[in-house]
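# Fold and geometry: a report
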Amino acid sequence: MVGIASGLSVIHKLNRAGKTSGKKLYGRHGDLRATNILWFKKRPGCTDANGILLIADLGLAKLHGFESRSNDVDAVFPLTYSPPRRPGERINRAFDIWGLGCLFLEFGTYAICGDQAIEEFSRLRGYDDPRGEFTTDCFYSIDHTTVRPSVNEWVLNLKKKPRCSPVFLDLLDLIMSQMIRVQAHERSSAQTIYRKLNVMYKKAQSDPQYLLGNYEMSLQQDQPALFKIGTHHSPFI
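Here's what I pulled together on the structure shown here. (Residues numbered from 1 in each chain as written. Predicted model: local features only at pLDDT ≥ 70, side-chain atom pairs only at ≥ 80, totals over all residues. Heavy atoms only, no water.)

## What to know about the overall build of the protein
As a reminder of what qualifies: Secondary structure is summarised from DSSP: a helix means a run of H or I of at least four residues, a strand means a run of E of at least two, and numbering begins at the N terminus for each. Residue exposure (1.4 Å probe, protein chains only): buried if accessible area is under 20% of the type maximum, exposed if over 50%, otherwise partly exposed. Residues are treated as being in contact if the distance between any of their heavy atoms lies within 4.5 Å. Surface accessibility in these figures is a Shrake-Rupley result with a 1.4 Å probe; residues are shielded only by whichever protein chains are displayed.
Counting secondary structure elements, the protein contains eight helices and four strands. Put simply, the protein runs from its N terminus to its C terminus through helices and strands in the order α-β-β-β-β-α-α-α-α-α-α-α. Taken over 237 residues, the protein has a buried fraction of 48%. Here the contacts in the protein between residues at least 6 apart in sequence split such that 61% fall between residues at least 24 apart. When the accessible surface of the protein is split by element, carbon and sulfur atoms take 52% of a total near 12200 Å².

Here it is as structure tokens:
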């Protein structure tokens, strides 16, 4: 997760100049979801024996100069991970933060409860859509004003699970307080998310109680593969 947030922060604030104008370019991904996070066993510069996760599929990505980085109104986002949006609302990099928060919440669900819980979580979100046969599993209400009740309830239930150690409690709080926020201006930047995850990672490295809590398990026990396969970082974050 640390590496994914770091990668998104690079996309959001490319530290290079345009070839002709000399202006700095700012980007957004636009299609963050689990199928666009790819695992590579080997990659140049990767020293982790478990391989590395990389953000892929920049098909919806765009680059903008400073003055136009929030002016796109025509962007299309995948429905499940799309943020709440009013007609004509300007698109900015905070839209990626919402999608990343949804993705990280599924990561946390997988680590705490296993892969079948992700499908259950999706099904419960669908129950919050009252429109009948064709329901959606996005994370916000159909009127775009709130986070779906099933999402808040799901997080509360995750926090009660035996495997929800202090590091996962901090992760869930970060997701809900700074990423999955209906108001775009309340979402933190990718750089801030990266820094906070990195602090959690370093603490988990040095403090077994923070990493494992009271749940008695060994680091050698089978863990969900998505968290074993890191990004140069912890098997859990």
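Once you've had a look at it, read on.
## Observations concerning the side chain of Arg187
Counted only if it meets this: Under the rule applied, a polar contact is a pair of N or O atoms within 3.5 Å (in protein, one hydrogen donor and one hydrogen acceptor; residues adjacent in sequence only if both atoms are side-chain atoms).
Relative to the helices and strands, Arg187 resides in the loop between helix H5 (166-178) and helix H6 (190-206). Residue class for Arg187 comes out buried when judged on its relative accessible area of 8%. Of note is the side chain of Arg187, whose polar atom sits 3.1 Å from the backbone oxygen of Val182.

## Quick notes on unusual backbone geometry
Notably, His144 is not glycine yet its phi reads approximately 65 degrees, a positive angle. Examined against the element boundaries, His144 turns out to sit in the loop between helix H3 (116-127) and helix H4 (149-159). Take His144: its relative accessible area is 23%, and that puts it in the partly exposed class.

## Structural notes on the packing of helix H1 (residues 2-12) against H6
The condition is simple: Where helices are involved, their axes are fitted lines through C-alpha atoms of the stretch in contact, as for all axes, and angles between N-to-C directions lie from 0 to 180°. The labels follow the angle: roughly parallel below 35 degrees, roughly antiparallel above 145, roughly perpendicular from 65 to 115, and oblique for the rest. The crossing is said to be left-handed when, going from far helix to near helix, the turn is anticlockwise and less than a right angle, and right-handed when the turn is clockwise. For this classification, Asp, Glu, Lys and Arg are treated as charged, while Ala, Val, Leu, Ile, Met, Phe, Trp, Tyr, Cys and Pro are nonpolar and the rest, including Gly, are polar.
Where H1 contacts H6, the axes come no closer than 8 Å and their chain directions differ by 160 degrees. With respect to their mutual orientation, H1 and H6 come out roughly antiparallel. The two elements H1 and H6 cross, and the hand of that crossing is left-handed. Contact with H1, carried on its side by Val2, Ala5, Ser6, Leu8, Ser9 and His12, involves Ala190, Gln191, Ile193, Tyr194, Leu197, Asn198 and Tyr201 of H6 and no other residues of that element. Its residues assigned to classes, the contact of H1 with H6 shows eight nonpolar, five polar and no charged.

## Structural notes on the pattern of salt bridges
Note that side chains of opposite charge can pair when their charged atoms are close. Cut-off, in case you're wondering: Every case where a carboxyl oxygen of Asp or Glu lies within 4 Å of a side-chain nitrogen of Lys or Arg is listed as a salt bridge.
Considering all chains together, one arrives at five salt bridges under this definition. For Glu120, the salt bridge is made with Arg123, and the minimal N-O distance between the two is 2.5 Å. Of this pair, Glu120 and Arg123 are both found in helix H3, three residues apart, which corresponds to roughly one turn of the helix. The exposure class assigned to Arg123 is partly exposed, which follows from its relative accessible area of 37%. With a closest N to O distance of 3.5 Å, Arg125 and Asp137 form a salt bridge. Taken together, the residues Arg125 in helix H3 and Asp137 in the loop between H3 and H4 connect sequence positions twelve residues apart. Look at Arg125 and you get buried, because its relative accessible area is 0%.

## Looking at the layout of surface pockets
Worth spelling out the cut-off: The rule is simple: put a 1 Å grid over the protein atoms alone, call a set of points where a 1.4 Å probe fits but cannot get out a cavity, call an open set with protein on both sides within 12 Å along at least five of seven lines a pocket, and count a residue as lining if it has an atom within 4 Å of a point. Grid points are joined across faces, edges and corners, and a volume is the space filled by probe spheres set on the points.
In this structure, the largest pocket encloses a volume near 150 Å³. Contributing to the lining of the largest pocket are His12, Asn92, Arg93, Ala94, Ile97, Ala184, His185, Arg187, Ser188, Ser189, Ala190 and Gln191. The residue makeup of the lining of the largest pocket, split by class, is four nonpolar, six polar and two charged.

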